[in-house]
Amino acid sequence: MSKTLLKHGLAVSALALTIGAGWAQESTDPIKLTLHDWTGQLITTQLMGEVLKQAGYNVEYVQADYLAQFAGLETGDLHVAMEMWETTGRDAMDASTATGKTEVLGPTGMKAKEEWWYPTYMKEKCPGLPNWEALKDEACAEAFSTAETAPKGRYLGGPVTWGGFDDERVEALDLPFEVIHAGTDAALFAELESAYQRQAPIMLWIYAPHWAPAKYEGEWVEFPEYTADCYNDPAWGSNPDMAYDCGKPFGEIWKVGWAGVKDKWPGAYAAIKAFTIDNDEMGQMITEVDLNGKTVDQVTADWMAANEGRWKGWIGQ
């Protein structure tokens, strides 16, 4: 046997032993995990990646667009996306899994909430809140305005790549608001911090799990409750001619991946499906990064050290 073949054979044998007895021989190709543009997703993905590395897998992190990533997942150029939010990613996820080229790998354990949010101090200027119909009042809308949007109110949405249908919602519900999209996750919360300190008007996209709903006193706007028909059937709801005349859906944050993962890396597939974490844990880790100055690497290492028995169970150790 040549030295090259011997080296390769030893590497594969070591991997097979590391990932647990009874699992089939697995590929040494890198498992490509997608990275997006918000702190929680970076943490979730690195946690999964580091656990897989502990099992002997070759892991690669790849920056990818939240919704456009499905093209790569369907071809197998990308392999696993650790956070698809029910609130914003359901349509893209369903369309992709319908091809048979991707599959849902189960819930992360976190529950998603994303909606329009305002500081409590703004209720003095718009006392009908949190009912969404209060926003239709011109005086209320103007209370949320800025120089660039007056007399319309200003709604600061997330980055355009997040989806969310806020522009469509404003039009369907005939709200006197203009949607301005933040360039990044960091910019979104920097603007909240600035406005809150000055008690300035602000209405923006807030999501949980995150530190912001705990740090700042405020409320989510209560829109008509989401149903699938609201998004798919214009006849549903208060506007008979347009869809999206309701709030965002609430629900699970899902793991999704290329359908070939289970055959190429069956042990990793089992570990990814076993991965679970809750909102409180994630909220604390996001706080450590965004507010306390720790790096994602540090927070991930701390969690791994504190939860060794837990993640070892995911990889059969």
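Scroll up a little and you will see the structure.
A brief report on the enclosed structure follows. This structure is a prediction, so every number in the text was calculated from the model and none was measured. (Residues numbered from 1 in each chain as written. Predicted model: local features only at pLDDT ≥ 70, side-chain atom pairs only at ≥ 80, totals over all residues. Heavy atoms only, no water.)

### Some points on the overall build of the chain
Counting its secondary structure elements, the chain contains 14 helices and 9 strands. Dimensions along the principal axes, computed over C-alpha positions, put the chain at roughly 80 × 45 × 30 Å. Across the 317 residues that make up the chain, the buried fraction comes to 49%. Within the chain, counting contacts between residues at least 6 apart in sequence, those at least 24 apart form 72% of the total. Accessible surface computed for the chain: about 13900 Å², of which carbon and sulfur atoms make up 52%. Looking at charge distribution, the chain has the averaged site of its 24 positive side-chain charges lying 8 Å from that of its 48 negative ones. (Helix = DSSP H or I, 4+ residues; strand = E, 2+ residues; numbered from the N terminus. Buried < 20%, exposed > 50% of the residue type's maximum accessible area, 1.4 Å probe, protein only. Contact = heavy atoms within 4.5 Å. Areas by Shrake-Rupley, 256 points an atom, 1.4 Å probe, with all protein chains shown as cover. Lys, Arg positive; Asp, Glu negative; His and termini not counted. Charge placed at Lys NZ, Arg CZ, Asp CG, Glu CD.)

### So, the environment of L35
By secondary structure assignment, the location of L35 is in strand β1 (residues 31-35). Residue class for L35 comes out buried when judged on its relative accessible area of 17%. Along the primary structure L35 and D137 are separated by 102 residues, whereas in three dimensions their C-alpha atoms are 41 Å apart. When sequence neighbours within four positions are dropped, the list of residues in contact with L35 reads Q41, L42, T45, Y61, V62, Q63 and A64.

### What to know about the pairing of strand β9 (residues 251-258)
Consecutive side chains along a regular strand alternate between the two faces of the sheet. Among the 8 residues that make up β9, 6 are buried, leaving the element largely enclosed by the rest of the structure. Relative to β9, strand β3 (residues 80-85) is paired through 4 bridges, and the arrangement is antiparallel. Residue M84 lies in a different strand from β9, and its bridge partner there is W254. In this sheet, β9 lies alongside strand β4 (residues 102-119) in antiparallel orientation, the contact comprising 6 bridges. Opposite A112, over in β9, you have G251 as the bridge partner. (Pairing = 2+ DSSP bridges.)

### Here we look at the packing of aromatic side chains
Centre-to-centre distance and the angle between the planes together describe a pair of aromatic rings. Summed over the entire model, instances satisfying the criterion amount to 22 aromatic pairs. Considering the side-chain rings of W211 and Y216, the 6.0 Å spacing of their centres and the 55 degrees angle between planes classify their relative orientation as tilted. The exposure classification of W211 matches that of Y216, with both residues buried. Measuring from centroid to centroid gives 6.4 Å for W258 and W265, while their planes differ by 70 degrees, and the two rings are edge-to-face. Following the ring pairs from residue to residue traces out a cluster consisting of W38, Y66, W85, Y121, W162, F189, Y196, W205, Y207, W211 and Y216. It is K113 that lies over the ring of W220; its NZ or CZ is 4.7 Å from the centre. Here the basic side chain of K248 rests over the ring of W205, its NZ or CZ set 4.5 Å away from the ring centre. (Phe/Tyr/Trp six-rings, centres within 6.5 Å; stacked < 30°, edge-to-face > 60°. Lys NZ or Arg CZ within 6 Å of the ring centre and 35° of its normal.)

### Structural notes on the environment of D280
Tracing the chain through its elements places D280 in helix α12 (residues 279-290). With a relative accessible area of 59%, D280 lands in the exposed category.

### Section: the state of the cysteines
In the structure shown here, the tally under the stated rule is 2 disulfides. Disulfide pairing places C126 opposite C140 at an S-S distance of 1.9 Å. A torsion of -90 degrees about the S-S bond marks the disulfide between C126 and C140 as left-handed. Residue C126 is found in the loop between β4 and α5 (138-143), and its partner C140 is found in helix α5; the two are separated by 14 residues along the sequence. With a relative accessible area of 2%, C126 lands in the buried category. The residue that forms a disulfide with C230 is C246, at a sulfur-sulfur distance of 2.1 Å. Residues C230 and C246 are joined through a disulfide that is left-handed, its torsion about the S-S bond being -105 degrees. Residue C230 is found in helix α9 (residues 228-232), and its partner C246 is found in the loop between α9 and β9; the two are separated by 16 residues along the sequence. When its relative accessible area of 0% is taken as the criterion, C230 is described as buried. When the cysteines engaged in disulfides are numbered in sequence order, the chain pairs them as 1-2, 3-4. (Disulfide = S-S within 2.5 Å.)

### Re the nonpolar core
In terms of nonpolar packing, the biggest core is built from 88 residues, with W116, L135 and F144 touching the most fellow members. Residue contributions to this core peak at 6 residues, all from β4. Grouped together as the second largest cluster of nonpolar side chains are 5 residues, C230, Y231, A243 and C246 included. (Core = buried A, V, L, I, M, F, W, Y, C linked by side-chain atoms within 4.5 Å.)

### Looking at the pattern of salt bridges
Two side chains with opposite charge may pair up if their charged atoms get near one another. Inspection of the entire model under this criterion finds 16 salt bridges. K111 is paired through a salt bridge with E252; the nearest N and O atoms lie 2.4 Å apart. Taken together, the residues span a long stretch of sequence, with K111 in strand β4 and E252 in strand β9 at a distance of 141 residues. Overall, E252 belongs to the buried group, its relative accessible area being 19%. Two residues, E308 and K312, come together in a salt bridge whose shortest N-O distance is 2.7 Å. A residue pair is termed a helical-turn pair when its members lie 3 or 4 positions apart in one helix, as E308 and K312 do in helix α14 (residues 308-314) at 4 residues. Relative accessible area serves as the criterion here: at 37%, E308 is assigned to the partly exposed category. Where salt bridges share partners, they join E86, R90 and D94 into one cluster. (Salt bridge = Lys/Arg side-chain N within 4 Å of Asp/Glu carboxyl O.)

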